[in-house]
Amino acid sequence: KHMHWITDNAGLTWRRVRHKATIHSFTFHPTRASWALVSTWTPECSKPPQTKKEKEKEAESHQYCQHMLYITKDLGRTFQLVATYVVQFNWGHESHGQQDRIYFTRFRQGDGDQPKLTLWTRDVDFCYTDNQGGKINKRIPRGNKFLISNNYIFVAKLKDQDAQTVNLMVSADGSNTFNQATLPVELEEKSYTVLDTSEGAVMLHVNHGNRAPVGVGGVYISDKEGYRYAMSLPNNVRSPSGDCEFDKVLSLEGVYLANFKDNGDPEGKTAEANAAADQLEDDAAGTDVDRKHAGGGRGRGKDEEIIRTVITFDKGGVWSYLKPPKVDSVGKPIECPPDKCWLHLHGVTNFHNFAPFYSLETAAGLIMGTGNVGASLRFETDQVNTYFSRDGGLTWIEAHKGAFIYEFGDHGGLIVMANDVERTKQVVFSWNEGQSWYDFDVAGAALEVDNIVTEPNATTTTFLLYGTRQDTGVLYHLNFEPLGQPACKGAWAADSVSSDYETWMPSDGRSNDKCLLGRQITYTRRKQTSECFNGEQFERPVVRKNCMCSEEDYECEIGFARKVGSFECRPAEDAGAQIAPERCTSSDFFYVDAYRKVAGDTCEGGWFPQKAAVPCPAGAAFSKSALSVLLVGLVLVIVMATITFVSRSEKFKHLFTNYGFDSHKHVQYAQVGKGGPESAVDTVGARYDPNEFLGDDDDEDAPPLVSYNLADDDDEEHELARGRGLEAAKTAVPKISGPPGGGKAADDDDGMDLL
């Protein structure tokens, strides 16, 4: 049994928390300092496997393995039971006045040993209580897992236990109403990772199981209500535990970095995909971004694949590749083909090998990362270097050769790094945002560096470096205050010669107005060349101004998607059936909104999207006009087939052979040669046997061939004979001319393509 201790005076004194069982988790109240939720597993959970007789005895005494939830209102002096058989729990959000409400999920069985929630099950419900367990309200049956972030509540509700699929239920009004999350296509939903809920919208990663490539999922962005989702980025890299290579640039609004797999195998490895569905997140509070910046999240390694890094400056509306630096850290030009030359950075799923891309809220526009320049992300140690951006990811420089672990201090004015791939005794730092680097020995013997950390706000100049030397852990305290740098001055006179500060507006590089999310944001930050420290009390001035709307202020609606680097929203594959109206017919088009304004965007006027014309799905019903045309065509086909059949029948053939020639039976031909027909009627129908023209014995009746060569005098007799044979032709016979434009018909058909 473990002992637990608590302090309420910053560690000056400690007292023991007395509880009959080992405390599993402890969650403070968001506003009441002495309130907390405490969970414990009963002692029966830690007992070794029991015999049948022991289990029967345990059942008689009702001593089962359970996860118990308690509340304390006096920092652990007394406890009150809230619920049993609990899976998850958390306080409500203060934005809805629910900070005293307790949300939790629990098994409804009520007796027996509590199983671990390793698979989605129909036996767990989402509940809440407003009076510390006095009355428990079941809110969503089969609601297995939940998360509370900002003013949103997300609940994963079982859909099919055999297929292990779930639906995501979303509430933006404190659980008064829940709506099922609407995705643009019908795909299996195995599990979810809520990436971010800031700025009035939800960034959601959905694991589609074996219907998608292994180790990836789709990133979707919601409307302001949080339940209508449109595709933002496909094939976002994820780990089996739900960690996603997706991160917000914390110092800026609407800027995100992500890695996506460009060659995913759609069939995938079924076992690994199902394993990903079984790894369920344990936290009921905090998004994926929150957990990363709280220091957690080490993922497993992965095989080398074609993975690329992209960035968005408009909250997932448009994604583009990172621009590579032109020279490396020693000034040598970086050469690579233009169509295969981008910067790629490692994400959190490979954290145990390389440091992921990293930013802080207090370091305006600064981003660090480890990776390489080329066609895709590399995993060889000798190919990975450390990169730095001071303009929010628009441009990058190679900060140092090799892979380093890094940390910001002094509001970004100080950067401290150490090699975390090879054993080292050196620390590298810069106080001019990577313009120059200095190193010093931190120890006499090399060590393997695990990490460098500072206080949560990263506003001081002190750091902790920890790692291992052989089998022993080591910890070093780094203090850069003795460098003696003066305090920076002139924050309210930025850009002046006497000021150590400058103004900076983030941009996506596409427009000159430097607008992001419909507004210009001007930050005041230290000049790169100023050799001074900001100080812990520095408050950064920020000015906002709305812009005119453009395509960048809009994202794709449900059923539409953009390619990387494109602004055009085109219908997504297999999405027509979901967005088509009920009366849509296969021969029609319907008009629908292809764009919607990015949640949190404040632009005014300017560009406004028009509705897009989309053909109705191929499986839709026919329209009345189309059915009429089809019916008429079918009748004509039947009539023509009947006429053809009858005309070829011996019984009715005579009705068709001479039809229409009776009025011409007295027309006479002038005879040319011998044995010609007497009238026009004699030239058609069954009276004339075509074999008469094929016999060899009729050569004497064949008309003579006419030669157009000049005849010799001794051929005069033959010429006269030819003349006699042609006396009946009193007028000249005109020649037959070819069609205008050539001797053959055009091959191309310019007809309309009817959809």
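Thresholds, definitions, all that
- Residues numbered from 1 in each chain as written.
- Predicted model: local features only at pLDDT ≥ 70, side-chain atom pairs only at ≥ 80, totals over all residues.
- Heavy atoms only, no water.
- Buried < 20%, exposed > 50% of the residue type's maximum accessible area, 1.4 Å probe, protein only.
- Helix = DSSP H or I, 4+ residues; strand = E, 2+ residues; numbered from the N terminus.
- Pairing = 2+ DSSP bridges.
- Salt bridge = Lys/Arg side-chain N within 4 Å of Asp/Glu carboxyl O.
- Contact = heavy atoms within 4.5 Å.
- Polar contact = N/O pair within 3.5 Å; in protein donor to acceptor, adjacent residues only side chain to side chain.
- Axes fitted to C-alpha atoms, helices over the stretch in contact; angles between N-to-C directions.
- Disulfide = S-S within 2.5 Å.
- pLDDT = per-residue confidence, 0-100.

S.K.: I would appreciate a short explanation of the pairing of strand 8 (residues 102-107) in the present structure.
M.R.: On a regular strand, each side chain points to the face opposite its neighbour's, so the side chains alternate between the two faces of the sheet. Most of strand 8 is tucked away: five of the six residues are buried. Where strand 7 (residues 86-91) and strand 8 come together, five bridges link them in antiparallel fashion. What sits directly across from Gln88, in strand 8, is Thr105. In this structure, strand 8 lies alongside strand 9 (residues 124-129), joined through six bridges in antiparallel fashion. In the sheet register, Phe104 faces strand 9, and the bridge partner there is Cys127.

S.K.: Please clarify how the pattern of salt bridges should be interpreted in this entry.
M.R.: A side chain with one charge may pair with a side chain of the opposite charge, provided their charged atoms come close. Scanning the model with the defined rule gives 24 salt bridges in all. The closest approach of N and O atoms between Arg108 and Asp125, which form a salt bridge, is 2.5 Å. Within this pair, whereas Arg108 is found in the loop between strand 8 and strand 9, its partner Asp125 is found in strand 9, the two being separated by 17 residues in sequence. A salt bridge links Lys611 to Asp593; its shortest N-O distance comes to 3.1 Å. With Lys611 in the loop between strand 43 (604-606) and strand 44 (612-615) and Asp593 in the loop between strand 41 (589-592) and strand 42 (595-597), this residue pair connects regions lying 18 residues apart in the sequence. Connected via shared salt-bridge partners are Asp223, Arg228, Glu555, Glu557 and Arg596.

S.K.: So what exactly am I meant to see when it comes to the environment of Asn546 here?
M.R.: Relative to the assigned elements, Asn546 resides in strand 36 (residues 542-546). Its relative accessible area of 36% is what places Asn546 among the partly exposed residues. In contact with Asn546, other than residues within four places in its own chain, are Gly518, Arg519, Thr602 and Glu604. A polar contact is formed between the side chain of Asn546 and the side chain of Thr602, at a distance of 2.8 Å. Among the polar contacts listed, one links the side chain of Asn546 to the side chain of Glu604, at a separation of 3.2 Å.

S.K.: Explanation requested: the sheet that holds strand 25 (residues 385-389) in the structure shown.
M.R.: As a general point, the strands of a sheet are linked pairwise by backbone hydrogen bonds and lie either parallel or antiparallel. The sheet built from four strands is open, its strands ordered 23-24-25-26 with antiparallel pairing. Edge positions in the open sheet fall to strand 23 (342-345) and strand 26 (397-400), since each of these has one partner strand only. Neighbour to neighbour, the strand axes of the sheet diverge by 55 degrees on average, direction disregarded. In this structure, strand 23 lies alongside strand 24 (residues 367-374), joined through four bridges in antiparallel fashion. Considered in strand 24, the bridge of His344 is made with Asn372.

S.K.: For this particular structure, what's the right way to read the state of the cysteines?
M.R.: When the sulfur atoms of two cysteines share a covalent bond, that bond is a disulfide. Within the structure shown, the criterion is met by six disulfides. Bridging Cys45 to Cys65, the disulfide has an S-S length of 2.0 Å. What sets the handedness of the Cys45 and Cys65 disulfide is the S-S torsion sign, and at about 105 degrees it is right-handed. In this pair, Cys45 is assigned in the loop between strand 4 (36-41) and helix 1 (52-61) and Cys65 in the loop between helix 1 and strand 5 (67-72), connecting sequence segments 20 residues apart. Since its relative accessible area comes to 12%, Cys65 is described here as buried.

S.K.: Please clarify how the side chain of Asn534 should be interpreted in this entry.
M.R.: Topologically, Asn534 is positioned in the loop between strand 35 (519-526) and strand 36. Look at Asn534 and you get buried, because its relative accessible area is 11%. Polar contacts involving the side chain of Asn534 include one to the side chain of Tyr501, which spans 3.1 Å. If sequence neighbours within four positions are ignored, Asn534 has contacts with Asp410, His411, Gly413, Cys488, Tyr501 and Arg526.

S.K.: Explanation requested: the confidence of the model for the protein in the structure shown.
M.R.: In low-pLDDT regions, the fine details of the predicted coordinates are not to be read closely. Per-residue confidence for the protein gives a mean pLDDT of 80, with 74% of residues at or over 70. Across residues 264-283 the pLDDT falls below 50, and counting only partners more than four positions away or on other chains, this stretch makes 47 contacts in the model. Here residues 678-755 is modelled with pLDDT under 50, and outside its nearest four sequence neighbours on either side it reaches 36 contacts, counting other chains as well.

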